[in-house]
Amino acid sequence: MTEPAPATIAETLHRRIRENGPIGVDDYMALCLGDTAHGYYHSRDPLGWRGDFTTAPEISGLFGEMCGLYLAHMYELAGMRDDASVIEFGPGRGTLMRDMRHVWARLMPSLNTAPLHLVETSPALRHVQRETLGAATVTEWHDDVEAALAAGNGPLFGVANEFFDALPAAQVIHESGTWHHRLVGLRDGELAFVTGDAVADVDPAMPDDPADGMVAELCPQARHIVTLLGQALASRGGAILIVDYGRDGNPGDSLQAVADHRPVDLFAAPGDSDISHWVDFAALGHAAARAGARLVGPVSQGRFLMRIGLSTRAEQAAQHAAPEARRALLAAIDRLTSPAQMGEVFKVALLLPPGAGTPPGFENEAGLGNDEAWTDGG
Ligand code: SAH
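The paragraphs below set out a description of the structure included in this document.

What counts as what
- Residues numbered from 1 in each chain as written.
- Predicted model: local features only at pLDDT ≥ 70, side-chain atom pairs only at ≥ 80, totals over all residues.
- Heavy atoms only, no water.
- Helix = DSSP H or I, 4+ residues; strand = E, 2+ residues; numbered from the N terminus.
- Rg over C-alpha atoms; globule rule 2.2 N^0.38 Å.
- Buried < 20%, exposed > 50% of the residue type's maximum accessible area, 1.4 Å probe, protein only.
- Contact = heavy atoms within 4.5 Å.
- Areas by Shrake-Rupley, 256 points an atom, 1.4 Å probe, with all protein chains shown as cover.
- Lys, Arg positive; Asp, Glu negative; His and termini not counted.
- Charge placed at Lys NZ, Arg CZ, Asp CG, Glu CD.
- Near = heavy atom within 4 Å.
- Polar contact = N/O pair within 3.5 Å; in protein donor to acceptor, adjacent residues only side chain to side chain.
- 1 Å grid on protein atoms, 1.4 Å probe; cavity = no way out; pocket = protein on both sides within 12 Å on 5 of 7 lines; lining within 4 Å.
- Sits in = over half its atoms within 2 Å of the grid points.
- Nonpolar A, V, L, I, M, F, W, Y, C, P; charged D, E, K, R; others polar.
- Pairing = 2+ DSSP bridges.
- Axes fitted to C-alpha atoms, helices over the stretch in contact; angles between N-to-C directions.
- Expected span 1.5 Å × (residues − 1).
- Points joined across faces, edges and corners; volume = space filled by probe spheres on them.
- Phe/Tyr/Trp six-rings, centres within 6.5 Å; stacked < 30°, edge-to-face > 60°.
- Lys NZ or Arg CZ within 6 Å of the ring centre and 35° of its normal.

**Quick word on the overall build of the chain**
Link 1 in the chain: Helix and strand counts for the chain stand at 14 helices and 16 strands.
Link 2 in the chain: Here the C-alpha atoms of the chain give a radius of gyration of 21 Å, agreeing with the 21 Å that 2.2 N^0.38 yields for 378 residues.
Link 3 in the chain: In terms of overall dimensions, the chain has C-alpha extents of about 60 × 40 × 40 Å along its principal axes.
Link 4 in the chain: Residues counted as buried form 55% of the 378 residues belonging to the chain.
Link 5 in the chain: When contacts within the chain are restricted to residue pairs at least 6 apart in sequence, those whose partners lie at least 24 apart make up 73%.
Link 6 in the chain: Carbon and sulfur atoms provide 51% of the accessible area of the chain, an area that totals close to 16600 Å².
Link 7 in the chain: Side-chain charges in the chain split into 27 positive and 50 negative, and the spacing between the mean points of these groups amounts to 6 Å.

Shown next, in the form of structure tokens:
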């Protein structure tokens, strides 16, 4: 007799681990978020104050405006080619793209008429994106980056906000002098971390001189995507903004589960809580360089937004606002930029074709040329 299909992610997990042993943390994350029957992103719209978490574009329209202005500037510097297309990775509710398109409607209409490709796996969020942007606005939705890249040949101008943090991350743990795979198994019938086999090939993204018990994270899918995008930009030209929480190196044990705007235990509600991890921008930078492209940054979101003129734009907007709206606007700006809120933890990086010089917003960052004029090498 065959068992009935599992009714929940927890049931799927328990059955799979009982039958085949512990699974990778990346497999755990992929199942919880992406399972086509019960995965977190598949069935719901998790964004906004009524959902589980809020993202920058949902906090203020000025975030999308600034990203739109920035990409318009990059497009102009790259020669405003008429075979360019626009791409977004993990567009959520479509709010960021909608706000970028508002700016382009006034200042760069050719980006509004360029083909628009969205990489999105969630049917529920594709539906919301269609409502927000209008079905006719979107050239095509794609399940993965490969498919989106196959859809054109010209330069690509794009954005990924809080996309890379949702890609499955694997963990390793340093025990008895060696890195081991860190897995999810069952202890007393409950999901728990267990230590697996020793890691055969030490990855350069694992920290040197680890202390006993140290945990490190690897996100091969993020590196793979940056490799594909880097190769595409190197041959086709363009610019892709990457915004996410993370650091310029291995984040250690950064996996977090969130439900209803609160942190919850990673194993408490599989499939019903969002799981994400910090992005290792250094690993993405190496992937970009190996692909023949370059990743500029990261710089903190607060500094980036201020450098590209957010406060000036906010002052303009505040002048025409009623007192209450003005207070809300200033609170939103503070939330996006203050180091105590999203300003420091969130980082911005820019994927570009090979070239020299420092694009706006990234001036005076460690490891970058300071005062060279920005030139697009693509
Ligand atoms: N960029 C949006 C949403 C961030 S949430 C915002 O800033 O508000 C993460 C987004 O990535 C969601 O749209 C989710 O459905 C999508 N996503 C998660 N994993 C994905 C994957 N493997 N491939 C494509 N999209 C994915």
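**Observations regarding unusual backbone geometry**
Link 1 in the chain: Geometrically, the link from Gly297 to Pro298 is a cis peptide bond, its omega value of 10° lying close to zero.
Link 2 in the chain: Relative to the assigned elements, Pro298 resides in strand E15 (residues 294-300).
Link 3 in the chain: One non-glycine residue with positive phi stands out, namely Met80, at about 50°.
Link 4 in the chain: Checked against the element boundaries, Met80 lands in the loop between helix H5 (61-77) and strand E2 (85-89).
Link 5 in the chain: If you check the backbone angles, Asp260 has positive phi at about 55° while not being a glycine.
Link 6 in the chain: Overall, the relative accessible area of 47% leaves Asp260 in the partly exposed class.

**Quick look at the site of the ligand**
Link 1 in the chain: Around the ligand there are 17 residues in total, and Thr55, Gly90, Gly92, Glu120 and Asn161 lie nearest to it.
Link 2 in the chain: Between the ligand and Gly90 there is a distance of 2.7 Å, counted from a nitrogen atom to a backbone nitrogen or oxygen.
Link 3 in the chain: The side chain of Thr121 places a nitrogen or oxygen atom 3.4 Å from a nitrogen atom of the ligand.
Link 4 in the chain: Notes on the ligand: free accessible area 560 Å², of which the protein chains cover 93%.
Link 5 in the chain: A molecule is said to occupy a pocket when more than half its atoms come within 2 Å of that pocket's grid points, and by this definition the ligand occupies the largest pocket.
Link 6 in the chain: Classifying every residue of the shell around the ligand by side-chain character gives nine nonpolar, six polar and two charged.

**Some details on the sheet that holds strand E13 (residues 274-276)**
Hydrogen bonds between backbone atoms are what pair the strands of a sheet, whose relative direction is either parallel or antiparallel.
Link 1 in the chain: Spatial strand order, E12-E11-E13: three strands in an open sheet with antiparallel pairing. The open sheet has two free edges, formed respectively by strand E12 (262-264) and E13, since each of these has just one partner strand. Across this sheet, the average inter-strand angle for adjacent strands is 40°, counted without regard to direction.
Link 2 in the chain: The sheet contact formed by strand E11 (residues 256-259) and E12 spans three bridges and is antiparallel.

**Describing helix H14 (residues 323-337)**
Link 1 in the chain: Taking 1.5 Å as the rise per residue, H14 with 15 residues should run 21 Å; its terminal C-alpha atoms sit 21 Å apart, in good agreement.
Link 2 in the chain: Summarising the contacts, the buried residues of H14 are in contact with helix H4 (56-59), H5, helix H12 (301-307) and helix H13 (310-319).

**Overview of empty space enclosed by the protein**
Empty space among the atoms becomes apparent when a probe as large as a water molecule is rolled across them.
Link 1 in the chain: Using the criterion set out here, one finds two cavities of 30 Å³ or more in the structure.
Link 2 in the chain: Put simply, the largest cavity is a space of about 120 Å³.
Link 3 in the chain: Around the largest cavity sit 14 residues that line it, and Leu218, Cys219, His277, Trp278 and Asp280 are the ones nearest its centre.
Link 4 in the chain: At the level of elements, strand E9 (215-218), helix H10 (220-236), strand E14 (279-280) and helix H11 (281-290) are the ones that each hand at least two residues to the lining of the largest cavity.
Link 5 in the chain: Among the residues forming the lining of the largest cavity, the class breakdown is 10 nonpolar, one polar and three charged.

**Some details on the layout of surface pockets**
Link 1 in the chain: By volume, the largest pocket is sized at about 710 Å³.
Link 2 in the chain: Around the largest pocket, the lining is made up of 40 residues, and of these Glu120, Thr121, Phe163, Ala166 and Leu167 lie nearest the centre.
Link 3 in the chain: Of the residues forming the lining of the largest pocket, the biggest block, four residues, is contributed by helix H2 (residues 25-34).
Link 4 in the chain: Volume-wise, the second largest pocket comes out at about 480 Å³.
Link 5 in the chain: Forming the walls of the second largest pocket are 18 residues, and the residues nearest its centre are Phe53, Thr54, Tyr245, Val258 and Phe346.
Link 6 in the chain: Mapped by element, the contributors of at least two residues to the lining of the second largest pocket are E11, E12 and E13.
Link 7 in the chain: Of the residues in the lining of the second largest pocket, the class split is eight nonpolar, five polar and five charged.

**Considering the pairing of strand E10 (residues 238-247)**
Link 1 in the chain: Counting buried positions over the 10 residues of E10 gives nine, a clear majority of the element.
Link 2 in the chain: Relative to E14, E10 runs parallel, the two sharing two bridges. Within the sheet, the bridge partner assigned to Arg247 lies in E14 and is Asp280.

**Some details on the packing of aromatic side chains**
Link 1 in the chain: Considering all chains together, one arrives at nine aromatic pairs under this definition.
Link 2 in the chain: Where Phe193 meets Phe267, the ring centres are 5.0 Å apart and the plane angle is 65°; that geometry is what we call edge-to-face. One end of the pair, Phe193, is in strand E8 (residues 190-198); the other, Phe267, is in the loop between E12 and E13, with 74 residues separating them in the sequence.
Link 3 in the chain: Joined through ring pairs, the aromatic side chains of Tyr28, Phe193 and Phe267 make up one cluster.
Link 4 in the chain: Sitting over the ring of Trp141, Arg130 keeps its end group 4.7 Å from the ring centre.

No statement about biological role is implied by the geometric values presented.
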